[in-house]
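Structure assessment
One-letter residues, chain by chain:
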Amino acid sequence: ASQALELVAQTPDADTRALAYRMLGETLWAMGDFTQARHYLQRAIDLCDDSPAIPSHLRFGMDNRVALFFLAWSLAILGYPLQAREMAERLLAHAIRGGHSLTVAWAQIGSMVLAEWRRELGALDEDADRLVAHCAEHRIGLFSEYGRIGQGLAQCWRGNPASAIDALRTALIELEVGHVLF
């Protein structure tokens, strides 16, 4: 990691540095080091804020500002739910403005999961339905199933266990057998 950081420091291109910090932040997040993840994800966002609103190229199929997705989750886990919501809303607004369908889907997933963690049924309904509709429109099958999982969870919270189990089972089967377009 230290070698990677040394190379990043020597790179003049802000998009490349943002990508490197984002990848490091996401890796630290996956390892459970949310404090360090927050640090590197914020560095990625700061670099994105200094670059054009819509990058001239998208690496790995999405805008580097998806770092806000993992930053929001890190903040929520670290006990900052209001800041987490702000980051999720910021990413969603940026993604919608940019019109890049995969970045919009990531943003919607991030928002939906935060609604799940906060146990906000209305927000969960809205986010899950919006994600499923967006993914259907843009043929992003994999993320659509995540929206269906959110819809199933909402059914469970409403006291409809049979509908919840049906929705969750269908989504998980689709994910497992790979009948999704990604």
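The structure displayed is predicted, hence computed values, not measured ones.

Turning our eyes to something else, we now look at helix α4 (residues 67–77). For α4, the buried fraction is high: 9 of the 11 residues fall into the buried class. Those residues of α4 that sit buried are Ala-67, Leu-68, Phe-69, Phe-70, Leu-71, Ala-72, Trp-73, Ser-74 and Leu-75. Looking at the buried positions of α4, the neighbouring elements they touch are α2 (14–30), α3 (34–49), α5 (81–98) and α6 (101–118). The first or second residue beyond α4 is Gly-79, which carries a positive phi of 95 degrees.

We now examine α6. Its 18 residues give α6 an end-to-end C-alpha distance of 26 Å, which sits within 8% of 26 Å, the value for a rise of 1.5 Å per residue. Counting buried positions over the 18 residues of α6 gives 15, a clear majority of the element. The first or second residue beyond α6 is Arg-119, which carries a positive phi of 55 degrees.

Counting through the fold element by element, Ala-133 comes out in helix α7 (residues 121–138). As a C-alpha pair, Ala-133 and Ser-144 span 11 residues in sequence and 7.9 Å in three-dimensional space.

Relative to the helices and strands, Glu-116 is located in helix α6. If near-sequence neighbours (up to four positions away) are discounted, Glu-116 is found in contact with Leu-124, Gly-150, Leu-153 and Trp-157.

The subject of this paragraph is the pattern of salt bridges. Taken as a whole, this structure holds 7 salt bridges when the rule is applied. In this structure, the salt-bridge partner of Arg-22 is Glu-26, at a minimum N-O distance of 2.8 Å. In this pair, Arg-22 and Glu-26 are both assigned in helix α2, 4 residues apart and thus about one turn of the helix distant. Taking the shortest distance from any N to any O, the salt bridge between Arg-118 and Glu-120 comes out at 2.9 Å.

Relative to the elements of secondary structure, Thr-27 occurs in helix α2. Between the C-alpha atoms of Thr-27 and Ala-37, which are 10 residues apart in sequence, the distance is 7.6 Å.

This part takes up the packing of aromatic side chains. Under the defined criterion, the tally for this structure stands at 12 aromatic pairs. Geometrically, the ring pair formed by Trp-29 and Phe-34 is edge-to-face, given 6.0 Å between the ring centres and 70 degrees between the ring planes. Taken together, Trp-29, Phe-34, Phe-69, Phe-70, Trp-73, Trp-106, Trp-117, Phe-143 and Tyr-146 form an aromatic cluster joined through their ring pairs. Sitting over the face of the ring of Tyr-80, Arg-38 holds its NZ or CZ atom 5.0 Å from the ring centroid.

So, about the nonpolar core. Formed by 46 residues in total, the largest nonpolar core has its most connected members in Phe-69, Leu-71, Leu-131 and Phe-143. Those elements giving two or more residues to this core turn out to be α2, α3, α4, α5, α6, α7 and α8 (141–157). Of all the elements, α6 adds the most residues to this core, at 10 residues.

So, about the packing of α4 against α5. Viewed as axis vectors pointing N to C, α4 and α5 meet at an angle of 165 degrees, and their least axial separation amounts to 8 Å. One element, α4, and the other, α5, form an angle in the roughly antiparallel class. Judged by the sense of rotation from one axis to the other, the crossing of α4 with α5 is left-handed. Note on element contacts: α5 touches α4 through Gln-83, Ala-84, Met-87, Ala-88, Arg-90 and Leu-91, opposite Leu-68, Phe-69, Leu-71, Ala-72, Leu-75 and Ala-76. Here the residues of the contact of α4 with α5 sort into 10 nonpolar, 1 polar and 1 charged.

Reading the values: rules and limits
Residues numbered from 1 in each chain as written. Predicted model: local features only at pLDDT ≥ 70, side-chain atom pairs only at ≥ 80, totals over all residues. Heavy atoms only, no water. Buried < 20%, exposed > 50% of the residue type's maximum accessible area, 1.4 Å probe, protein only. Helix = DSSP H or I, 4+ residues; strand = E, 2+ residues; numbered from the N terminus. Contact = heavy atoms within 4.5 Å. Expected span 1.5 Å × (residues − 1). Salt bridge = Lys/Arg side-chain N within 4 Å of Asp/Glu carboxyl O. Phe/Tyr/Trp six-rings, centres within 6.5 Å; stacked < 30°, edge-to-face > 60°. Lys NZ or Arg CZ within 6 Å of the ring centre and 35° of its normal. Core = buried A, V, L, I, M, F, W, Y, C linked by side-chain atoms within 4.5 Å. Axes fitted to C-alpha atoms, helices over the stretch in contact; angles between N-to-C directions. Parallel < 35°, antiparallel > 145°, perpendicular 65-115°, else oblique. Left-handed = near helix turned anticlockwise from the far one by under 90°. Nonpolar A, V, L, I, M, F, W, Y, C, P; charged D, E, K, R; others polar.

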